[in-house]
Amino acid sequence: MKPLSLPFLAELTVLRRDMHAHPELAFAEKRTADIVARELQAYGLEVHRGLAKTGVVGVLRAGSGKRMVGLRADMDALPLDEQNDFAHRSTHAGCMHACGHDGHTAMLLGAARYLAEHPDFDGRVAFIFQPAEEAEGGAAVMIEEGLFERFPVESVYGLHNWPGLPVGTMAIHAGAVMASTCRLEMTVSAQGSHAAMPQQGVDAIVTACHLVTALQTVAARNLSPLDAAVVSVTQFHAGSAWNILPDEVTLRGTIRTFKPEIQAAVEAAVSRLCQGMAASFGARIEVSFNRLYPPTINTAAEAATCRRVAEKALGHKNVLTDIAPAMTAEDFSFMLQKKPGCYVWLGNGSGEAGCTLHNPNYDFNDEVLSVGIAYWVELVREILHP
Ligand SMILES: [Zn+2]
Ligand SMILES: [Zn+2]
């Protein structure tokens, strides 16, 4: 395929950098949503606002077809201080586009503009700009508020820039792309005592230490080695003095899996260890699981379509289909629970010098803008072929 002619690319790059300089956190993407709505309107799309507070959906029609396809970008930034010193670094303290959602938003705007100017498809495209991908589940809120009733797409597509993959390449998974995420909290309650007279109490800290150690066997000794799971304890809170054995320890962590049955097996094993450890030490342990994002699972037919499209847009050798999924999570998974679709990774370059996701030295690579736009455009042409 010959490369798309994108005369507005320089303008779009300026816009991407402007969004990078003005990042906004989950559900507070007001300025960003204003820009998105203004741009979509200028391209001639029908603009809908207010889904999940700051969400924006632009609809583009061509021909007489009634079929509708959904393309999604996320708009939110992360709560960290940017350490880059280029001109477009964040101007908001404690907030940074460290995951490239500024680039995702810009690419989807670019695709909307190109397709508005070259409407060589038959049907409708819903350009979905969602808030709050990072930990807050903006996709689920849009769905709860009627996204797919108001915009009845037959399938839905998403992408994420991927540091470590070369610019001009894409990775497409036939099934699981990313893991589920579940918050784990355990409260160990025992009996406090003088540190010099431990026999008078029940030591919550020692109990919790044994529990953390035992949790390392959950994946290693309860699951098949071919099934992936991570159980990480990330917080251990206890104590107030040198000479007091505290009566309570709070442990927190995260569980990641790719399959619902593995998630259930992990939760059962964690619960069993908590019960057993409490009995062994004479303490009480309460455990809670807060399931957040489900695993991101592409549907086979749509993944095959994306692969075909990417091979056309990027060249056969630039489409990787043997890359392992990541244990990170993504709320596009909620959309994939409702609709068939596919979520792909787009090469963002080497990932050197801290240019990795959620790093204070990250930046979206502007060379990728045209690659993402070419993919989105070709996807619409393929699915809504006149
Ligand atoms: Zn992120
Ligand atoms: Zn992200």
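Attention here is on the structure that accompanies the text. It should be emphasised that the depicted structure is a prediction, and the values quoted were computed from it without experimental measurement.

Before going further, it helps to examine the sheet that holds strand β13 (residues 284–291). The 4 strands are arranged β10-β12-β8-β13 in an open sheet whose pairing can be described as antiparallel. Of all strands in the sheet, those with a lone pairing partner are β10 (229–238) and β13, marking the two edges. Between one strand axis and the next, the sheet turns through 20 degrees on average, direction left out of account. The pairing of strand β8 (residues 180–189) with strand β12 (residues 248–257) spans 10 bridges and is classified as antiparallel. Paired with L184 across the two strands is G253, which belongs to β12.

Judged by nonpolar contacts, the single largest core of 65 residues is most densely connected at F127, F129 and Y375. In terms of residues, this core owes the most to one element, helix α11 (residues 369–383), which gives 10 residues. Ranked by size, the runner-up nonpolar core spans 29 residues in total, among them A140, V153, V156 and W162.

Those protein atoms acting as donors to the zinc ion (ligand 1) are C99 (SG), E134 (OE), E134 (OE) and H358 (NE2), and they sit at 1.9 to 2.8 Å. Taken in chain order, the donor set of the zinc ion (ligand 1) reads C-x34-E-x223-H.

Moving on to the packing of helix α3 (residues 101–117) against α11. Following both chains from N to C, one finds α3 and α11 inclined at 50 degrees, their axes separated by 8 Å at the closest point. The orientation of α3 relative to α11 falls into the category oblique. For α3 against α11, the interelement crossing comes out right-handed. On α11, the residues that touch G103, A106, M107, L108, G110, A111, Y114 and L115 of α3 are L369, G372, I373, W376, V377, V380 and R381. Broken down by class, the residue content of the contact of α3 with α11 amounts to 11 nonpolar, 3 polar and 1 charged.

Basis of the calculations
Residues numbered from 1 in each chain as written. Chains lettered and ligands numbered in written order. Predicted model: local features only at pLDDT ≥ 70, side-chain atom pairs only at ≥ 80, totals over all residues. Heavy atoms only, no water. Pairing = 2+ DSSP bridges. Helix = DSSP H or I, 4+ residues; strand = E, 2+ residues; numbered from the N terminus. Axes fitted to C-alpha atoms, helices over the stretch in contact; angles between N-to-C directions. Core = buried A, V, L, I, M, F, W, Y, C linked by side-chain atoms within 4.5 Å. Buried < 20%, exposed > 50% of the residue type's maximum accessible area, 1.4 Å probe, protein only. Donors = N, O, S within 2.8 Å, 3.2 Å for Na, K, Ca; no water. Parallel < 35°, antiparallel > 145°, perpendicular 65-115°, else oblique. Left-handed = near helix turned anticlockwise from the far one by under 90°. Contact = heavy atoms within 4.5 Å. Nonpolar A, V, L, I, M, F, W, Y, C, P; charged D, E, K, R; others polar.

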